[in-house]
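Examining the three-dimensional arrangement
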Amino acid sequence: MDPNLILGSAAVAFIVATTFMLALRPLAFSVGLIDAPGGRKLHVGDIPITGGIAMFLGIFAGLSFLPIPGNVLLSMFIASLVLVVIGALDDRFHISAAARLLSQVVAVLLMFFGARLSLADIGDPFGTGILWTGQFSLIFTMLVFVSMINAYNFVDGADGLAGSLSLVGLLSVAAVCGVFHPTGALALAVAAATAGFLLFNFPSIYNRPVRAFMGDAGSTLLGFTLAWVTLTASQGPDRLISPVHCLWFSAIPIFDFFTCFVRRLVKGKAPFAPGRDHFHHILMRGGFGVRQTLGILTGLQ
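Residues numbered from 1 in each chain as written. Predicted model: local features only at pLDDT ≥ 70, side-chain atom pairs only at ≥ 80, totals over all residues. Heavy atoms only, no water.

This part covers the overall build of the protein chain. Broken down by element type, the protein chain carries 11 helices and 2 strands. Reading the protein chain from its N terminus to its C terminus gives the helix and strand order α-β-β-α-α-α-α-α-α-α-α-α-α. The globule rule puts the C-alpha radius of gyration for 301 residues at 19 Å, and the 18 Å found for the protein chain is close to it. If one aligns the C-alpha atoms of the protein chain with their principal axes, the spans along those axes are about 50 × 50 × 35 Å. The buried share among the 301 residues of the protein chain stands at 50%. Within the protein chain, residue pairs in contact and separated by at least 24 positions form 68% of the contacts whose partners lie at least 6 positions apart. For the protein chain, the accessible area works out to roughly 13400 Å², and carbon and sulfur atoms hold 71% of it. One finds the centroid of the 16 positive side-chain charges in the protein chain at a distance of 10 Å from the centroid of its 13 negative side-chain charges. (Helix = DSSP H or I, 4+ residues; strand = E, 2+ residues; numbered from the N terminus. Rg over C-alpha atoms; globule rule 2.2 N^0.38 Å. Buried < 20%, exposed > 50% of the residue type's maximum accessible area, 1.4 Å probe, protein only. Contact = heavy atoms within 4.5 Å. Areas by Shrake-Rupley, 256 points an atom, 1.4 Å probe, with all protein chains shown as cover. Lys, Arg positive; Asp, Glu negative; His and termini not counted. Charge placed at Lys NZ, Arg CZ, Asp CG, Glu CD.)

This is the structure:
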């Protein structure tokens, strides 16, 4: 792939995401797309929730420069749009968990049938040969994607955390695949848009006047995108990595998601209900600050 296209794609993704982080800020205040402090939310002042929309625009502005098959790009665009729209509505109006889950199912179906991307096998985790999913391919694909989407949604509870963990995962995929490979170039473009968002979300004194959150629109988008690129890299005859190894690209969000899920079920609580039992909450209750918690979890990832 042409290096100029790859660099141009990443540059456009970064610039567009950064530009819309600023441009959407007044609109967020006017329509009430803000996160107010109180309850579990300990930040100071009303914070715009513009990250998901800005990253979405940056990602697809960047991807338009890459030679991605039309059906793949269109499927990814529509599926991502569904997640971002429903996520933004949830950020503004707090819609039901059932509606959010339905949007995730729709997004996976669009990918499965539109891009013909699925989890056909899970590799050779037991050393007994490749385990094929066969007629249960759609079910396994759905479970993986819904888990990944919600894992990043769960971990988005501290400044810079979901974005930084996503950035590590995306850059790792790009490194494994190689940036000249289509999947690596795609991951790099998404990483660039994520970096543009982090300029406004990283816990720093320098960005406080323009601090913004990604919201459910952003966390579900990043979870879906990371699942997409890792699945692309791990399936088919030209796979670049085993499917079971792909779990490590999102290890911290996945472990956090299933730990909270099981803990809440054991206690008889709704597994998708908000709570303060995530890794970052535990670290902060142990005396670590936001930046220290971010450094520990990002370093582990």
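That shown, we press on.
All right, on to the packing of aromatic side chains then. Per the stated rule, a full pass over the model turns up 10 aromatic pairs. For the pair Phe257 and Phe258, a centre-to-centre distance of 5.0 Å together with 70 degrees between the ring planes defines the contact as edge-to-face. Centroid distance Phe257 to Phe261: 5.7 Å. Interplanar angle 45 degrees. Geometry classified as tilted. Placement of both Phe257 and Phe261 in helix α9 (residues 251–266) is noted, with a separation of 4 residues, approximately one turn of the helix. These aromatic residues form a ring-pair network of at least three members: Phe154, Phe257, Phe258 and Phe261. (Phe/Tyr/Trp six-rings, centres within 6.5 Å; stacked < 30°, edge-to-face > 60°.)

Examined against the element boundaries, His278 turns out to sit in the loop between α9 and α10 (279–285). The class of His278 is buried, set by a relative accessible area of 6%. Within the local environment of His278, its side chain forms a polar contact with the side chain of Asp256, the two groups lying 3.1 Å apart. Within the structure, the side chain of His278 is placed 3.4 Å from the side chain of Arg264, a separation counted as a polar contact. With residues near it in sequence (within four places) discarded, His278 still touches Phe154, Asp256, Cys260 and Arg264. (Polar contact = N/O pair within 3.5 Å; in protein donor to acceptor, adjacent residues only side chain to side chain.)

The next thing to look at is the nonpolar core. Counting residues in hydrophobic clusters, the biggest one holds 73 residues, and the most contacted among them are Leu63, Met111, Phe145, Phe224 and Trp228. When residues in this core are grouped by element, the largest group, 12 residues, is from helix α7 (residues 182–201). When sequence neighbours within four positions are dropped, the list of residues in contact with Phe224 reads Ala79, Ser80, Leu83, Ala107, Met111, Phe145 and Ile149. (Core = buried A, V, L, I, M, F, W, Y, C linked by side-chain atoms within 4.5 Å.)

In this fold, Leu170 is placed in helix α6 (residues 161–177). Leu170 sits in the buried class, given a relative accessible area of 0%. Sequence spacing of Leu170 and Ala99 is 71 residues, and the spatial spacing of their C-alpha atoms is 28 Å. Non-local contacts of Leu170, meaning those with residues more than four positions away in its chain, are made with Ala187, Val190, Ala191, Thr194, Leu226 and Val229.

With 98% of its residues at a pLDDT of 70 or more, the protein chain has an overall mean of 93. When pLDDT is averaged over each element of the protein chain, helix α2 (residues 51–63) comes out on top at 98 and strand β1 (residues 34–35) at the bottom at 91. (pLDDT = per-residue confidence, 0-100.)

Quick look at the packing of α6 against α7 now. Relative to each other, α6 and α7 sit at 155 degrees, their axes nearing to 8 Å. Relative to α7, the element α6 is oriented roughly antiparallel. Of the two possible hands of crossing, α6 and α7 adopt the one that is left-handed. Across the interface between the two elements, Gly163, Ser164, Ser166, Leu167, Leu170, Leu171, Val173, Ala174 and Cys177 from α6 touch Thr183, Gly184, Ala187, Leu188, Val190, Ala191, Thr194, Ala195 and Leu198 from α7. (Axes fitted to C-alpha atoms, helices over the stretch in contact; angles between N-to-C directions. Parallel < 35°, antiparallel > 145°, perpendicular 65-115°, else oblique. Left-handed = near helix turned anticlockwise from the far one by under 90°.)

Tracing the sequence through the fold places Arg285 in helix α10. Take Arg285: its relative accessible area is 55%, and that puts it in the exposed class. Here Arg276 takes part through its backbone oxygen, which lies 2.6 Å from a polar atom of the side chain of Arg285.

Here we come to the pattern of salt bridges. Summed over the entire model, instances satisfying the criterion amount to 5 salt bridges. Arg211 is the salt-bridge partner of Asp159, the closest N and O atoms lying 2.6 Å from each other. Of this pair, Asp159 sits in the loop between α5 (137–155) and α6 while Arg211 is found in the loop between α7 and α8 (215–234), placing the two residues 52 residues apart along the sequence. Here Asp159 and Arg211 have matching classes, each one buried. Between Asp277 and Arg263 there is a salt bridge; the shortest N-O distance is 3.8 Å. Of the two residues, Asp277 sits in the loop between α9 and α10 while Arg263 sits in helix α9, which places them 14 residues apart along the sequence. Residue Asp277 is classed as buried on the basis of its relative accessible area of 15%. (Salt bridge = Lys/Arg side-chain N within 4 Å of Asp/Glu carboxyl O.)

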